[in-house]
Amino acid sequence: MEPDWYAEGAAHVWRPYCQMKTAPAPLPVARTDGARLILEDGRELVDGIASWWTACHGYNHPHIRAAVEAQLAKAPHVMFGGLAHEPAYRLARRLADLLPGDLNRVFFAESGSVSVEIAMKMALQFWINRSVKGRTRFLAFRGGYHGDTLATMTVCDPEEGMHALFAGVMPSQVIADLPVDGPSEAALDRLLGEKAGEIAAILVEPRVQGAGGMLFHDDETLRVLRRLSDRHDVLLIFDEIFVGFGRTGDLFACEGAGVVPDIVTLSKALTGGTLPLSAAIASEEVFQAFWSDDPGAALMHGPTYMANPLACAAAGASLDLFEDGGWKADVARIEAGLIEGLGPLRRASVDVRVKGAIGVVEFPGTVEAGDLCRKFADEGVWIRPMGKVVYLTPPYVVSDAELAKLTGAMRKVLG
Ligand SMILES: *Cc1c(COP(=O)(O)O)cnc(C)c1O
């Protein structure tokens, strides 16, 4: 039996990323707990996706909940224009301490896409403020994904990136192959040699291109990008919205790779999956281009719910949990479990790959997601295929038994 809210609302809700006429009906969730979704009909599913990679500490973590409840009693929200509050100021300080180099200036927003837009705007205005003309485009990579808003659509993979329909609608960017070997590095070097005068920044998802297909690259690629950015004098933006907060085994990919970008974006796991929050964090050099007696040099941006105190309190509590440190062992444990549990699928697929708490099985073409979701739910797990890949990104608190249930369901349904 469906609950009444479900039938009554279904005619009015516009759902994400689906042809609603043909897509299977979504599963009604009653509550969440740890690594589990509890459905309205009482079924429990182990969550293999962690709600789009957000719920890194598991759902309803008591420490995060207590921090949000305490803040709710004090001040759920105040505008950030002209007012300051402790959760945001403490969080900015802690993020600056945790990030490498001089990534010291934290600009808060409410979603990942918006933080990428802000990073892009910072990069464009960095050059304008320095009176350098013509730096109006971005260089991004095939396989990349940076969001669904208009400007971020232009830096996604032009064919695979879900937004091919809009080709020609927005200004085109320079899209290149990631420099993963000598020839591709030389090609990118040449491309930058021709086009650097038009380019404000290079934009990349470090270590793992997520929504574009869970594609992995080595840290050497990131070092090459830093070198080429310096050589051709363009800014380097790391979009760590997916990989940030431990997903690849280091708290941040930039820190793990030993590469300091000029701007980094964070969101998804920033609040431990509790509330929407994002940040674009700039280096001192980028910030200095805005620091001036000229009001015209200021960054004119300020989302209404910027630095929402509840979200910042949740993020602070999430950082406490990262400081307690169990996550690193958990990610290593999950990595081992994924390698073992997904390995046998090598025979039934094009590729099986694992990095940190990310396990990926790739197929030759787009997989029929709706059908598979239902089969997975019948096995007691929530797994949602994406394009050519079926993947697991469980919460770090997933137990060994729950992880075995996830990989077992993958083997049973896909094997
Ligand atoms: C999810 C994601 C975004 C967009 O974040 P939203 O909060 O969905 O707007 C941008 N970049 C990367 C790498 C992402 O994974």
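These numbers come from a predicted model, not from an experiment.

S.K.: Help me out: how do you make sense of the site of the ligand in this one?
M.R.: As a structural note, the neighbourhood of the ligand is formed by Trp53, Ser111, Gly112, Ser113, Tyr145, His146, Gly147, Glu205, Asp239, Ile241, Phe242 and Lys268. At 2.7 Å, a side-chain N or O of aspartate 239 approaches a nitrogen atom of the ligand. Between the ligand and the protein, one listed contact pairs an oxygen atom with a side-chain N or O atom of lysine 268 at 2.7 Å. Surface burial for the ligand is 84%, taken as the share of its 380 Å² of free accessible area covered by protein chains. Looking at the shell around the ligand residue by residue, the class counts come to 4 nonpolar, 5 polar and 3 charged.

S.K.: When you look at the nonpolar core in this model, what are you seeing that I'm missing?
M.R.: Generally speaking, nonpolar side chains in soluble globular proteins are found buried as a group. Counting 103 residues, the largest nonpolar core has Phe108, Leu139, Phe245, Phe376 and Met410 as the members making the most contacts within it. Ranked by residue count, the leading element in this core is helix H5 (residues 112–129), at 8 residues. Both of domain 1 (4–60 + 325–414) and domain 2 (75–323) provide at least three residues apiece to this core.

S.K.: Looking at this model, I keep getting lost on the domain arrangement of the protein. Mind explaining?
M.R.: One widely used convention gives an interface's size as the accessible area the parts lose upon coming together. Under the domain assignment used here, the protein contains domain 1 (4–60 + 325–414) and domain 2 (75–323). Computed over C-alpha atoms only, the centres of domain 1 and domain 2 are separated by 27 Å. Each partner contributes to the interface: domain 1 provides 29 residues, whereas domain 2 provides 29 residues. With both sides pooled, the region where domain 1 packs onto domain 2 buries about 2,300 Å², and carbon together with sulfur makes up 63% of that total. Run the count over domain 1 and domain 2 and you get 1 salt bridge. One salt bridge in this structure joins aspartate 250 and lysine 328, with 3.7 Å as the shortest N-O distance. Connecting domain 1 to domain 2 are 16 residue pairs in polar contact (both at pLDDT 80 or more).

S.K.: Teacher, can you tell me more about helix H12 (residues 326–342) here?
M.R.: The periodicity of an α-helix, 3.6 residues per turn, causes residues three or four places apart in sequence to face the same way. Its 17 residues place the ends of H12 24 Å apart at the C-alpha level, agreeing with the 24 Å of an ideal helix rising 1.5 Å per residue. All of the buried residues along H12 are Trp327, Asp330, Val331, Ile334, Leu338, Gly341 and Leu342. Mapping the buried residues of H12 onto a view down its axis gives an arc of 105°, with all of them on the same face. Set apart from the buried face of H12 by more than 90 degrees, the exposed residues are Ala329, Ile339 and Glu340. Each element contacted by the buried residues of H12 is listed here: helix H11 (309–324), strand S13 (351–355), strand S14 (358–362), strand S16 (389–392) and helix H14 (400–414).

S.K.: For this particular structure, what's the right way to read the sheet that holds strand S11 (residues 263–266)?
M.R.: The pairing of strands in a sheet happens through backbone hydrogen bonds and is either parallel or antiparallel. Strand order in this open sheet of 7 strands is S4-S12-S11-S10-S7-S5-S6, and the pairing throughout is mixed. Only two strands of the sheet have a single partner each, and these edge strands are strand S4 (103–109) and strand S6 (174–176). Strand after strand, the sheet turns through a mean of 20° between neighbouring axes, direction not considered. Each of strand S5 (137–141), strand S7 (199–204) and strand S10 (235–239) is contacted by helix H8 (residues 219–232), which is oriented at about 150° to S10, the strand it contacts most.

S.K.: Could you clarify how one ought to interpret the pattern of salt bridges in this entry?
M.R.: Close approach of charged atoms lets side chains of opposite charge pair. Applying the stated criterion to the full structure yields 26 salt bridges. Here arginine 207 and aspartate 219 are joined by a salt bridge, their closest N and O atoms 2.8 Å apart. Separated by 12 residues along the polypeptide, arginine 207 in the loop between S7 and strand S8 (208–209) and aspartate 219 in helix H8 bring together distant segments of the chain. Here arginine 207 and aspartate 219 have matching classes, each one buried. Through salt bridges that share partners, Glu185, Glu220, Arg223 and Arg227 make up one connected network.

S.K.: I'm lost on H8 in this one. Help?
M.R.: The first and last C-alpha atoms of H8 sit 20 Å apart over 14 residues, in line with the 20 Å expected at 1.5 Å per residue. All of the buried residues along H8 are Asp219, Thr221, Leu222, Val224, Leu225, Arg226, Leu228, Ser229 and His232. Those residues of H8 hidden inside the fold are in contact with S5, helix H7 (182–195), S7, S10 and helix H9 (253–257). In the stretch just after H8, aspartate 233 is the one whose phi turns positive, near 55°.

S.K.: For this particular structure, what's the right way to read the environment of glutamine 288?
M.R.: Tracing the chain through its elements places glutamine 288 in helix H10 (residues 284–288). For glutamine 288, a relative accessible area of 39% puts it in the partly exposed group. As for glutamine 288 and alanine 332, which are separated by 44 residues in sequence, their C-alpha atoms are 39 Å apart.

S.K.: Sorry if this is basic, but what is going on with a nonpolar patch on the surface here?
M.R.: Together, Tyr17, Trp52 and Met162 make up an exposed nonpolar region whose accessible area comes to about 320 Å². Along the chain, the position of tryptophan 52 falls in helix H2 (residues 50–53).

S.K.: Before we go on, may I ask you to explain the packing of aromatic side chains in this structure?
M.R.: Aromatic ring pairs are defined here through the distance separating the ring centres and the angle between the ring planes. Going through the model one piece at a time under the given rule, you end up with 11 aromatic pairs. Relative to tryptophan 127, the ring of phenylalanine 126 has its centre 5.0 Å away and its plane inclined at 85°; by these criteria the two rings are edge-to-face. For tryptophan 127, a relative accessible area of 2% puts it in the buried group. Note on phenylalanine 245 and phenylalanine 322: the rings are 5.9 Å apart at their centroids and 40° apart in plane angle, and the pair reads as tilted. Highlighted residues: phenylalanine 245 in the loop between S10 and H9 and phenylalanine 322 in helix H11, separated in sequence by 77 residues. Here the two residues phenylalanine 245 and phenylalanine 322 agree in accessibility, since each one is buried. Members of the aromatic cluster, connected to one another through ring pairs, are Phe245, Phe252, Phe322, Trp327 and Tyr396. The ring of phenylalanine 287 is capped by arginine 105, whose NZ or CZ atom sits 3.9 Å from the centre of that ring. Directly above the ring of phenylalanine 216 sits arginine 353, whose terminal nitrogen or CZ lies 5.6 Å from the centroid.

The rules behind the values
- Residues numbered from 1 in each chain as written.
- Predicted model: local features only at pLDDT ≥ 70, side-chain atom pairs only at ≥ 80, totals over all residues.
- Heavy atoms only, no water.
- Near = heavy atom within 4 Å.
- Polar contact = N/O pair within 3.5 Å; in protein donor to acceptor, adjacent residues only side chain to side chain.
- Areas by Shrake-Rupley, 256 points an atom, 1.4 Å probe, with all protein chains shown as cover.
- Nonpolar A, V, L, I, M, F, W, Y, C, P; charged D, E, K, R; others polar.
- Core = buried A, V, L, I, M, F, W, Y, C linked by side-chain atoms within 4.5 Å.
- Buried < 20%, exposed > 50% of the residue type's maximum accessible area, 1.4 Å probe, protein only.
- Helix = DSSP H or I, 4+ residues; strand = E, 2+ residues; numbered from the N terminus.
- Domains from an automatic or database assignment.
- Contact = heavy atoms within 4.5 Å.
- Buried area = accessible area lost by both parts, 1.4 Å probe.
- Salt bridge = Lys/Arg side-chain N within 4 Å of Asp/Glu carboxyl O.
- Expected span 1.5 Å × (residues − 1).
- Arc of directions from axis to C-beta.
- Pairing = 2+ DSSP bridges.
- Axes fitted to C-alpha atoms, helices over the stretch in contact; angles between N-to-C directions.
- Patch = residues over 30% accessible without salt bridge, like charges linked within 9 Å, V, L, I, M, F, W, Y side chains within 5 Å.
- Phe/Tyr/Trp six-rings, centres within 6.5 Å; stacked < 30°, edge-to-face > 60°.
- Lys NZ or Arg CZ within 6 Å of the ring centre and 35° of its normal.

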